[in-house]
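If you want the building blocks of each chain, they are given just below.
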Amino acid sequence: MGRKQVWDQTEVLAGAMRLFRRRGYLGASVRDIEEATGLHPGSLYRVFQSKEGLFCAALDAYNDQVVEGRVRAHLLEQPDPVAGIRSFFTSAFETGLERDPGCLLTNTAVESFTVSQAAAGVRRGLEAIESGFADALTRARALGLLSADLDVEVSAARLLALYQGLLVLVRAGTPRTKLHTITDGAMASIGSDREGQR
């Protein structure tokens, strides 16, 4: 009989997510992984096969818990879809953290050439965000909050690009005043002239 698993995979992946957000794939050593997850290398390799396997599992968990959770809260379930789009942007940098580690999905997209297996997870996360934008834009247009002529597909793709660029700037430590200006520009790109909440 095999040895009973005495560790919690959810906790292991949460520790891995935090580590990879801060250090990236290349910057995280095996010792770092051991400290972040509480598992010895033998256990990690037995379950995830490799460091890359653990990284991909952590990215999948991040998509499920963080990305899709934020899309749902801000873009799918927000009664005012235009306010939801704005809050989706601002929640990326109004975190209360002095030095935000950034988004694991975006950080991975930038670093994905080093983690070839992560490409599918990156695509899944980006598609979830773009689909969330499209849903919010469609509802906003139907409610008369945006122009009836708005091209939802083009606008959703543009918002995704602006949002991903914003997240790179968050990771780089860009001042919040500039991040708010970028958010205002994103809202203007869809024809929303409502004042932002500061």
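Overview of the structure. (Residues numbered from 1 in each chain as written. Predicted model: local features only at pLDDT ≥ 70, side-chain atom pairs only at ≥ 80, totals over all residues. Heavy atoms only, no water.)

1. Points about unusual backbone geometry
Although it is not a glycine, Gln49 adopts a positive phi angle of roughly 70°. Along the chain, the position of Gln49 falls in the loop between helix H3 (41–48) and helix H4 (51–76). (Helix = DSSP H or I, 4+ residues; strand = E, 2+ residues; numbered from the N terminus.)

2. Remarks on the environment of Ala157
Looking at the secondary structure, you find Ala157 in helix H8 (residues 152–171). Overall, the relative accessible area of 34% leaves Ala157 in the partly exposed class. As a C-alpha pair, Ala157 and Glu127 span 30 residues in sequence and 9.6 Å in three-dimensional space. (Buried < 20%, exposed > 50% of the residue type's maximum accessible area, 1.4 Å probe, protein only.)

3. Thoughts on the packing of aromatic side chains
This structure, assessed with the given rule, holds seven aromatic pairs. For the pair Phe88 and Tyr163, a centre-to-centre distance of 4.6 Å together with 40° between the ring planes defines the contact as tilted. Of this pair, Phe88 sits in helix H5 (residues 81–90) while Tyr163 sits in helix H8, and the two are 75 residues apart along the sequence. For Phe88, a relative accessible area of 1% gives the class buried. Relative to Tyr163, the ring of Phe133 lies with its centre 6.3 Å away and its plane at 75°, an arrangement referred to as edge-to-face. (Phe/Tyr/Trp six-rings, centres within 6.5 Å; stacked < 30°, edge-to-face > 60°.)

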